[in-house]
Amino acid sequence: SLLAAMETFNKGHGKCDCGRCKCDEGWFGDACQYPTNCDLTKKKSNQMCKNSQDIICSNAGTCHCGRCKCDNSDGNGLVYGKFCECDDRECIDDETEEICGGHGKCYCGNCYCQAGWHGDKCEFQCDITPWESKRRCTSPDGKVCSNRGICVCGECSCHDVDPTGDWGDIHGDTCECDERDCRAVYDRYSDDFCSGHGQCNCGRCDCKVGWYGKKCEHPRSCPLSTEESIRKCQGSATLPCSGRGKCECGKCTCYPPGDSKVYGKTCECDDRRCEDLDGVVCGGHGTCSCGRCVCEKGWFGTLCQHPRKCNLTEEQSNSLCESADGILCSGKGSCHCGKCLCSAEEWYISGEFCDCDDRDCDKHDGLICTGNGICSCGNCECWDGWNGNACEIWLGTEYP
């Protein structure tokens, strides 16, 4: 029965009584989902409550032991989601006070209108039939708005993923033109149409003299094919130019332009890796060679941050290595002179108390932070000129 299923569902932390949860001791919440006592540090708890924009509970709730408790003071439950990212109050029509004007359904703050209705809150009715609306929006290949937009009363509203341009990326009466097809490497922050060597016309590149290719990527003077060029630029690296430069006719120009920190035939040397988050090179106790620290005598560590000799007693040292729960280096490392040395066998363990997991950092093409930033306790800290959750987007100075 439904009641039996509900009781089974809640048997972990409470019982269901007439549609409401009666929580066991030590638990609270509508579904008995919050523990009264928390064994997480505040930092770890807040980290688990951050949405994709790094905002705790989307500023629409409070974080309790790694879980968001959404603000629903009026008891209607319209704010919800793992990170309180959904606010169905956005769907309420100001005049009728009905959700989606009574002509649609609300999901995560957005109205999905019934046929013949449109508007942010389904407040407008079309003056043509749904069938005529669909006919006007159908592109030559038989798809409604080319599967790149929404049909509203016979007119296509195209998904404009980059509203900064005059046309946006997608345009045309039936959204048949997609300017993204003209970009050598597409991202919403790039204006690299036709590799900078042509004009984009409805998703197709018209190349300038001396250039050719689907995206005008090949100079006429280059004897290499695209595959040969990429192979030369990649070498033994995972990505062409190690993901840190631009490949042109088999040669890499490293990002950022004119900066001596990234160099090598395939941009394989990245001296930024020798810097900590404050920009100090090798902790001030070594020199950087092709992205690796060579430590001075008496120091060791990836960034030469650990002294070999220590003037602290073992008790003093250990007291500095204890995390909030009293465990030495979170049980995932050893303590040396008041600092945690995280387990080398588990490469992904990091943090002041070995309490971070670098696998939580975003990847691009299989590389953590795309190799263009430092993974700091689950979040990518990008180097200058790079952006994106995985530091995969170049926003810096263009090449001369």
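Residues numbered from 1 in each chain as written. Predicted model: local features only at pLDDT ≥ 70, side-chain atom pairs only at ≥ 80, totals over all residues. Heavy atoms only, no water.

Defined as follows: UniProt positions are given in the numbering used here, feature names are shortened, and annotations may be inferred rather than shown by experiment.
The protein chain has the name Integrin beta-like protein 1 in an unreviewed UniProt entry, where Bos taurus is given as its organism. The record in UniProt for the protein chain states the following under Subcellular location (unreviewed entry): "Secreted".

Structural notes on the UniProt feature "domain: Epidermal growth factor-like" (unreviewed entry) in the protein chain
The criterion, for reference: Secondary structure elements follow DSSP: runs of H or I of four or more residues count as helices, runs of E of two or more count as strands, with numbering from the N terminus.
As annotated by UniProt and renumbered to match this structure, "domain: Epidermal growth factor-like" (unreviewed entry) occupies residues 11-32, 91-122, 191-216, 274-304 and 361-391. Secondary structure over residues 91-122 splits into 0% helix and 31% strand, and the C-alpha atoms at its two ends are 9 Å apart. The distance from the first to the last C-alpha atom of residues 274-304 is 9 Å, and the span holds 0% helix and 32% strand.

Considerations on the pairing of strand β17 (residues 198-201)
Our working rule: Two strands qualify as a pair provided DSSP detects at least 2 bridges between them.
By the bridge criterion, 4 bridges tie β17 to strand β18 (residues 204-207) in an arrangement that is antiparallel. If you follow Gly198 over to β18, its bridge partner there is Cys207. From the end of β17 to the start of β18, which pair antiparallel, there are 2 residues, and Cys202 there has a positive phi angle of about 50°.

Section: the state of the cysteines
Here a disulfide denotes one covalent bond, and it connects the sulfur atoms of two cysteines. For the record, the criterion: By disulfide we mean two sulfur atoms from cysteines, separated by a distance within 2.5 Å.
Under the counting rule described, the total for this entry stands at 28 disulfides. Disulfide partner of Cys49: Cys63, at an S-S distance of 2.1 Å. A torsion of 75° about the S-S bond marks the disulfide between Cys49 and Cys63 as right-handed. Note that Cys49 is positioned in the loop between α2 (42-48) and β5 (61-64) and Cys63 in strand β5, a separation of 14 residues in sequence. Here Cys57 connects covalently by a disulfide to Cys68, the sulfurs 2.2 Å from one another.

Considering the pattern of salt bridges
Put simply, the rule reads: Salt bridges are counted wherever a side-chain nitrogen of Lys or Arg sits within 4 Å of a carboxyl oxygen of Asp or Glu. We call a residue buried when its accessible area falls under 20% of the maximum for its residue type, exposed when it is over 50%, and partly exposed in between, using a 1.4 Å probe and counting protein chains only.
Across all of its chains, the model carries 8 salt bridges by this definition. One salt bridge connects Asp17 with Lys22, and the closest N-O pair in it is separated by 3.1 Å. On the accessibility criterion, Asp17 (39% relative accessible area) is partly exposed. On the basis of relative accessible area, Lys22 is assigned to the exposed category, the value being 55%. Across the salt bridge formed by Lys121 and Asp94, the nearest N and O atoms sit 3.9 Å from each other. In this pair, Lys121 sits in the loop between β11 (117-118) and β12 (124-125) while Asp94 sits in the loop between β8 (86-87) and β9 (104-107), placing the two residues 27 residues apart along the sequence. Among the charged side chains, a salt-bridge network with shared partners connects Glu132, Arg135 and Arg136.

Overview of the confidence of the model for the protein chain
Here is the rule: The predictor rates its confidence in each residue with pLDDT, a number between 0 and 100. Contact criterion: two residues are considered in contact whenever any of their non-hydrogen atoms come within 4.5 Å of each other.
With 89% of its residues at a pLDDT of at least 70, the protein chain reaches an overall mean of 81. When the criterion is pLDDT under 50, residues 1-10 qualifies, and its contacts beyond four places in sequence or with other chains add up to 5 contacts. Low pLDDT (under 50) marks residues 186-190, which in the prediction has 12 contacts with non-local residues, meaning those over four places away or in another chain.

Overview of the packing of aromatic side chains
Inclusion rule: Side-chain rings of Phe, Tyr and Trp, where Trp is taken by its six-membered ring, are said to pair if the distance between their centres is within 6.5 Å; with planes under 30 degrees apart they count as stacked, over 60 as edge-to-face, and otherwise as tilted. When the NZ atom of lysine or the CZ atom of arginine is within 6 Å of a ring's centre and also within 35 degrees of its normal, the charge is said to sit over that ring.
Throughout the structure, instances matching the rule amount to 0 aromatic pairs. For Arg359, the ring lying beneath its charged end belongs to Tyr348, and the centroid distance is 3.6 Å.

Topic: the pairing of strand β36 (residues 379-382)
Regular strands show a simple pattern: their side chains alternate between the two faces of the sheet. Relative to β36, strand β35 (residues 373-376) runs antiparallel, the two being bridged by 4 bridges. Bridged to Gly373 within β36 is Cys382. Linking β35 back to β36 in an antiparallel pair, the connection comprises 2 residues, with Cys377 at a positive phi of about 50°.

A few points about the environment of Trp117
In this structure, Trp117 sits in strand β11. Separated by 14 residues in the primary sequence, Trp117 and His103 place their C-alpha atoms 6.9 Å from one another. Apart from the residues lying within four places of it in its own chain, the contact partners of Trp117 are His103, Cys122, Glu123, Phe124 and Gln125.

Some details on unusual backbone geometry
In the Ramachandran plot, Cys65 falls in the positive-phi region, its phi being about 50° despite a non-glycine side chain. As for its placement among the helices and strands, Cys65 is situated in the loop between β5 and β6 (67-70). A positive phi angle, close to 50°, is found at Cys329, a residue other than glycine. On the secondary structure map, Cys329 appears in the loop between α5 (314-321) and β29 (333-336).

Let's talk about the environment of Cys391
Along the chain, the position of Cys391 falls in the loop between β37 (386-387) and β38 (393-394). Here Cys391 falls in the buried class, since its relative accessible area comes to 0%. Ignoring anything within four residues of it in the chain, the contact list for Cys391 reads Cys369, Thr370, Asn372, Gly373, Cys380, Glu381, Cys382 and Trp386.

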